[in-house]
Amino acid sequence: MCRPRPGQSAVTAARTAQDLERVTLDKAASENFPVAPFFLPRAWRDDLMAVYGFARLVDDIGDGDLAPGGADARALGVPPAAAGDRLALLDAFEADLRRVFDGTPRHPLLRRLQPTARRRSLTPEPFLGLIAANRQDQLVRRYETYDDLLAYCELSANPVGRLVLAVTGTATPERIRLSDAICTALQIVEHLQDVAEDLGRDRIYLPAEDMKRFHVQETDLAAKTASASVRALVAYEAQRARDLLNEGAPLVGSVHGRLKLLLAGFVAGGRAAVRAIAAAEYDVLPGPPRPGKLQLLREAGATLRGEG
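A brief report on the enclosed structure follows. Worth saying up front: this structure is predicted, and the values here are computed from it rather than measured. In this convention, every chain numbers its residues from 1, walking through the sequence in written order. Owing to the predicted nature of the model, reporting of local features is limited to residues with pLDDT of at least 70; listing and counting of side-chain atom pairs is limited to 80 or more, with chain, interface and lining totals taken over all residues. Calculated side-chain values reflect all of the structure's heavy atoms, with hydrogen atoms and water omitted.

1. Quick look at the overall build of the chain
Reasoning step 1: Looking only at helices and strands, the chain has 15 helices and 0 strands in total.
Reasoning step 2: Here the globule rule is a power law, 2.2 Å times the number of residues to the power 0.38, and the radius of gyration is based on C-alpha atoms. The C-alpha radius of gyration of the chain comes to 20 Å, within 12% of the 19 Å expected for a compact globule of 308 residues.
Reasoning step 3: Its C-alpha atoms give the chain principal-axis dimensions of about 60 × 45 × 30 Å.
Reasoning step 4: Contacts are assigned to residue pairs that have any heavy atoms within 4.5 Å of one another. Long-range contacts, defined as pairs at least 24 residues apart, comprise 69% of the intrachain contacts of the chain with a sequence gap of at least 6.
Reasoning step 5: Just so you know, the count uses Lys and Arg for positive and Asp and Glu for negative, and it drops His and the chain ends. Each charge is placed at NZ for Lys, CZ for Arg, CG for Asp and CD for Glu. Charge-centre separation for the chain: the mean point of 40 positive side chains lies 7 Å from the mean point of 40 negative side chains. For the purposes of this entry, the term helix denotes a DSSP run of H or I that reaches at least four residues, the term strand denotes a run of E that reaches at least two, and both are numbered from the N terminus.

2. Here's the deal with the packing of helix H14 (residues 257-279) against helix H15 (residues 293-304)
Reasoning step 1: For the pair H14 and H15, the least separation of the axes is 8 Å and the interaxial angle reads 125°. Relative to H15, the element H14 lies oblique. In the crossing of H14 with H15, the sense of the turn from one axis to the other is right-handed. When H14 is examined against H15, the residues Lys260, Leu261, Ala264, Val267, Ala268, Gly269, Arg271, Ala272 and Arg275 are found in contact with a partner set consisting of Gln295, Leu296, Glu299, Ala300, Thr303 and Leu304.
Reasoning step 2: The class makeup of the residues in the contact of H14 with H15 is 8 nonpolar, 3 polar and 4 charged. Only the contacting stretch of a helix is used when fitting its axis, a line to C-alpha atoms as for every element, and angles between N-to-C directions run 0 to 180 degrees. Here is the rule for angles: anything less than 35 degrees is roughly parallel, anything more than 145 is roughly antiparallel, 65 through 115 is roughly perpendicular, and the remaining ranges are oblique. By the definition used in this description, the sense in which the near helix is turned from the far one sets the handedness, with an anticlockwise turn below a right angle giving left-handed and a clockwise turn giving right-handed. Under the scheme applied here, ten amino acids are nonpolar (Ala, Val, Leu, Ile, Met, Phe, Trp, Tyr, Cys and Pro), four are charged (Asp, Glu, Lys and Arg), and all others, including Gly, are polar.

3. Thoughts on the pattern of salt bridges
Reasoning step 1: In the sections that follow, a salt bridge refers to a side-chain nitrogen of Lys or Arg positioned within 4 Å of a carboxyl oxygen of Asp or Glu. For the structure shown, the criterion picks out 25 salt bridges.
Reasoning step 2: Salt-bridge contacts for aspartate 47 lead to arginine 120; the nearest nitrogen and oxygen are separated by 2.6 Å. Here arginine 120 lies in the loop between helix H5 (108-119) and helix H6 (125-139) and aspartate 47 lies in helix H2 (residues 42-63), a separation of 73 residues in the sequence.
Reasoning step 3: For arginine 120, a relative accessible area of 21% corresponds to the partly exposed category.
Reasoning step 4: Of the charged contacts, one joins arginine 240 and glutamate 237 as a salt bridge, the two residues approaching to 3.3 Å between their closest N and O atoms. Here's how the labels work: a residue is buried when its accessible area is under 20% of the maximum for its type, exposed when over 50%, partly exposed in between, all with a 1.4 Å probe on protein chains only.

4. A few points about the environment of histidine 215
Reasoning step 1: Position of histidine 215 relative to the elements: it lies in the loop between helix H11 (208-213) and helix H12 (228-248).
Reasoning step 2: Residue histidine 215 is classed as exposed on the basis of its relative accessible area, which comes to 63%.
Reasoning step 3: In this structure the C-alpha to C-alpha distance between histidine 215 and leucine 233, which are 18 residues apart in sequence, comes to 8.9 Å.
Reasoning step 4: Residues in contact with histidine 215, not counting those within four places in the same chain, are Asp220 and Ser229.

5. So, empty space enclosed by the protein
The probe, sized like a water molecule, is rolled over the atoms to show the empty space still left.
Reasoning step 1: Any residue with an atom within 4 Å of a point lines the site, the site being either a cavity, points on a 1 Å grid over the protein atoms alone where a 1.4 Å probe fits but cannot get out, or a pocket, an open set with protein on both sides within 12 Å along at least 5 of 7 lines. Grid points are joined across faces, edges and corners, and a volume is the space filled by probe spheres set on the points. Scanning the entire structure with this criterion turns up 2 cavities of 30 Å³ or more.
Reasoning step 2: Around the largest cavity, the lining residues are His191, Leu192, Val195, Asp198, Leu199, Arg203, Ile204, Tyr205, Leu206 and Leu221.
Reasoning step 3: At the level of secondary structure, the elements contributing two or more residues to the lining of the largest cavity comprise helix H9 (173-193) and helix H10 (195-200).
Reasoning step 4: Top element by residues in the lining of the largest cavity is H10. It accounts for 3 residues.
Reasoning step 5: Of the volumes computed, that of the second largest cavity is approximately 40 Å³.

And the structure:
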């Protein structure tokens, strides 16, 4: 729990730590994919939520979406003058991550992660990749080629799938390869849903070479609705995501039991999001197209049956 400041009671400090965890972990319900569904063993759910808390918080730091008031900065030991400096926060977050493996972390979400890391023999590398991706977001705001975007996804998305395999004790080289395809696809889908939001942060994850191919200018992405050229571009990138999901889908059939349901949920979440984008006629500019629960269930059933 957080160290009480002068005049702050231990009860208040404990409540602050719980609030920091809750604010971040409550965001799991809005993700495109299930984070720790009820049908998993309790130990898996707890460990997956600990991993999610890390991944969600590092993204919130990188996006400037932390809860107001600076509590996260205080928990990380960042002085008030630097509380708005995302690179400084990421540096402090990395230092606290390293304490997960060789000390006592300061932030409550990292204290939550520590027993998971020990129990599942996790290594720092995938967590460091997620931090590196968010550092890159502060420095790189455009991607020239699709290969450049894939290299970014190797840091920003693929570590999450590798951590899921590690937590469930099912990692093999082939499963990691398939997981990477799924996670990259999910990242691309999220970028397509959030074109307008990302542009508001002066970020564009649509490869510049593809924008040129479809005659799309940056100003076109700022419109209220998408032009025919923008729709064609989004459809092209959505097909890439769909192909990656199909490439990675055999991961589902490589495992059994409740883990199979979880992995099917990841693939189904991506496929349902792609279908939602298509149903919006690839016009993602008014807001992110989101699939309904019925569509998610249909996609999950199809994925479990091995249908593309």
